[in-house]
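Residue-level structure breakdown
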Amino acid sequence: MEKEIEEKSKSIKFLESIENFFLNILDKIKLKKIADIYRNHLEGMRYLVFGALATVVNIACYSICLYSLNIENATSNIIAWIVAAIFAYITNKFFVFDSKVNTKKALIYEITSFFGCRLLTLVIDEAIMIITVDKMGLNGFLMKVIANIVVIILNFVFSKLFIFKKDK
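These lines cover the structure that appears in this document, whether it is placed above or below. By convention here, each chain's residues receive numbers from 1 onward along its written sequence. Thresholds applied to this predicted model are a pLDDT of at least 70 for local features of residues and 80 or more for the giving and counting of side-chain atom pairs; totals over whole chains, interfaces and linings are not thresholded and use all residues. The basis for every side-chain value is the complete set of non-hydrogen atoms in the structure, without hydrogens or water.

**Things to note about the overall build of the protein**
Each helix corresponds to a stretch of at least 4 residues labelled H or I by DSSP, and each strand to a stretch of at least 2 residues labelled E; elements are numbered beginning at the N terminus. Helix and strand counts for the protein come out as six helices and zero strands. Start at the N end of the protein and walk to the C end: the helices and strands fall as α-α-α-α-α-α. Here the C-alpha coordinates of the protein stretch approximately 45 × 45 × 30 Å along the principal axes. Any two residues having at least one pair of non-hydrogen atoms within 4.5 Å are treated as being in contact. Considering only intrachain contacts with a sequence separation of at least 6, the fraction spanning at least 24 residues in the protein is 65%. Here the Shrake-Rupley method, with its probe set to 1.4 Å, supplies the accessible areas, and only the displayed protein chains count as covering residues. Accessible surface, the protein: about 10,200 Å² in total, of which carbon and sulfur atoms supply 72%. When the 21 basic and 16 acidic side-chain charges of the protein are each reduced to a single mean position, those positions are 4 Å apart. Charged-residue counts in this description rest on Lys and Arg as positive and Asp and Glu as negative, His and the chain ends being excluded. We put the charge of a Lys on NZ, of an Arg on CZ, of an Asp on CG and of a Glu on CD.

**Considerations on the pattern of salt bridges**
When a carboxyl oxygen of Asp or Glu lies within 4 Å of a side-chain nitrogen of Lys or Arg, that pair is called a salt bridge. Following the criterion strictly, the structure yields nine salt bridges and no others. The shortest N-O distance in the salt bridge between D27 and R39 comes to 2.9 Å. In this pair, D27 is assigned in helix 1 (residues 2-28) and R39 in helix 2 (residues 32-40), connecting sequence segments twelve residues apart. A salt bridge links E43 to K160; the nearest nitrogen and oxygen atoms lie 2.3 Å apart. Placement of E43 in helix 3 (residues 42-68) and of K160 in helix 6 (residues 140-163) is noted, with a sequence separation of 117 residues between them. Exposure categories follow from relative accessible area, calculated using a 1.4 Å probe and restricted to protein chains: below 20% of the type maximum is buried, above 50% is exposed, and the middle band is partly exposed. Using a relative accessible area of 37% as the deciding quantity, one classes K160 as partly exposed. Taken together, the salt bridges that share partners define one network made up of D27, K32, D36 and R39.

**Observations regarding the packing of aromatic side chains**
Centres within 6.5 Å make a pair out of two Phe, Tyr or Trp rings, where for Trp the six-membered ring is used; the pair is then stacked when the planes are under 30 degrees apart, edge-to-face when over 60, and tilted otherwise. Under the defined criterion, the tally for this structure stands at twelve aromatic pairs. Centroid distance Y47 to F97: 6.2 Å. Interplanar angle 50 degrees. Geometry classified as tilted. Placement of the pair is Y47 in helix 3 and F97 in the loop between helix 4 (73-96) and helix 5 (104-135), with a sequence separation of 50 residues. Residue classification places Y47 among the buried positions, given a relative accessible area of 4%. Owing to a relative accessible area of 2%, F97 belongs among the buried residues under this scheme. To sit over a ring, a charge needs its Lys NZ or Arg CZ within 6 Å of the ring centre and within 35 degrees of the ring normal. Cation over ring: K144 sits above Y62, and NZ or CZ is 5.6 Å from the ring centre.

Rendered as structure tokens:
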């Protein structure tokens, strides 16, 4: 357990050093207000950064499955969701919300509530994709981007209010 805490500390320190590097660049190029907004809304900004990375993971995985592996749309979307959800749980737990649970029960609650909420947003994502791509014939890549914007917003609300809330 101590090694896990030590690794987490190293991870946060590494993330903070990267953030500070880019924030200092913003300060130097006369974009201090943007840097200040980031600093003042650290959790939300980190969520946006890692949410964007999870979206890239999701879209890349979806595209590889659909266009390279010729897996049908709905299955490609589910595979992409699984990969992105695992990535998102790890990054949200350790880098965004800095979640510290002390018992197995609390960890199980955190994991099940995270993936439960993600399943709900998967249903929404899947509905958007089936309706717009399969039924309406719209571009799958474009609709995947739009679906991910909706999903990112919902996932932040669920994570902040139910999953990684500080007063567990």
